[in-house]
Amino acid sequence: MGTRQQIAITAMNKMRTFLPTLLAAVWATSLVAADSPAGGSPSAAAEAAAVSWQVAVVPAEAKPGDDVEVVFTAAITPGWILYSSDFKLELGPLPTKFIFDTNPSLALVGGIQPVKPLWKTDRSLGGKYSYFSTHAEFRQKARLVAPLENVSGRISGQTCFEENGLCKLFRETFSTRL
């Protein structure tokens, strides 16, 4: 192997480790909010309420032995997007996750299912991701094992303001009564 080939291989190996680090750094800087209200920045009120969640168990009149769905709906502030739950990228946006508190009255069946998300391919991230722009819905199938009083847990994920790339991580609790 010649000296030029060795130099080229060394350079390629350095790029393989440097490029993912660079992409992660660029992505992380997009998560930091801008301090000044430059053009295209969302209002403070819009930033505070990019997504508003509602949770319900349907059908509401279910009894032990019945199959139900826990339905999560999100109203998304115009200009913002909410990343869905059904994609996996090494770098880039964080998918929405739902964690249910232990509940002996409810047996979850399968995983959370997003309803009609939009899809986008991003070459710089090396893949496809799904998201919602004005309204989102996620459904979790379950079976009632005993009378159910309450379903609770946590939702976490990421929203972004598309006009300027401002992204925010969120984590909030949910709770609903049957």
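Shown above is the structure to which this text applies.
Calculation criteria
- Residues numbered from 1 in each chain as written.
- Predicted model: local features only at pLDDT ≥ 70, side-chain atom pairs only at ≥ 80, totals over all residues.
- Heavy atoms only, no water.
- Pairing = 2+ DSSP bridges.
- Helix = DSSP H or I, 4+ residues; strand = E, 2+ residues; numbered from the N terminus.
- Phe/Tyr/Trp six-rings, centres within 6.5 Å; stacked < 30°, edge-to-face > 60°.
- Buried < 20%, exposed > 50% of the residue type's maximum accessible area, 1.4 Å probe, protein only.
- Lys NZ or Arg CZ within 6 Å of the ring centre and 35° of its normal.
- Core = buried A, V, L, I, M, F, W, Y, C linked by side-chain atoms within 4.5 Å.
- Contact = heavy atoms within 4.5 Å.

1. Considering the pairing of strand β8 (residues 135–144)
Stage number 1. Note that strand β2 (residues 67–76) and β8 share nine bridges and pair antiparallel. Looking at β8, one finds that Ala75 is bridged to His135.

2. Thoughts on unusual backbone geometry
Stage number 1. Across the junction of Val58 and Pro59, the peptide omega takes the value -5°, indicating a cis bond.
Stage number 2. Turning to its location among the elements, Pro59 is positioned in the loop between β1 (51–58) and β2.
Stage number 3. Phi is positive for Lys116, close to 55°, though the residue is something other than glycine.
Stage number 4. For Lys116, the position within the fold is in the loop between β5 (106–114) and β6 (118–122).

3. A closer look at the packing of aromatic side chains
Stage number 1. What the rule picks out here adds up to 14 aromatic pairs.
Stage number 2. An angle of 90° between the planes, with centres 5.9 Å apart, marks the rings of Trp53 and Phe98 as edge-to-face. Separated by 45 residues along the polypeptide, Trp53 in strand β1 and Phe98 in strand β4 (residues 97–100) bring together distant segments of the chain. Each member of the pair Trp53 and Phe98 is classed as buried.
Stage number 3. Judged by centre distance (6.0 Å) and plane angle (40°), the ring pair of Trp53 and Phe138 falls under tilted. Here Trp53, found in strand β1, pairs with Phe138, found in strand β8; they are 85 residues apart in sequence, far enough to count as distant. We note that Trp53, like Phe138, is buried.
Stage number 4. The ring of Trp119 has Lys128 sitting right over it, with the charged end atom 5.3 Å from the ring centre.

4. A short note on the nonpolar core
Stage number 1. Ranked by internal contacts, the top residues of the largest apolar core, which has 29 residues, are Trp53, Phe72, Leu82 and Phe138.
Stage number 2. Going through the elements one at a time, β1, β2, β3 (80–83), β4, β5, β8, β9 (150–161) and β10 (166–177) are the ones with two or more residues in this core.
Stage number 3. Per-element tally for this core: the top contributor is β2, with five residues.
Stage number 4. Not counting residues within four places of it along the chain, the set of residues in contact with Leu82 comprises Val51, Trp53, Ala74, Ile76, Thr96, Tyr131, Phe132, Ala136, Phe138, Gln158, Thr159 and Phe170.
Stage number 5. Counting nine residues, the second-largest nonpolar core is a separate cluster that includes Ile81, Phe87, Leu125 and Tyr129.

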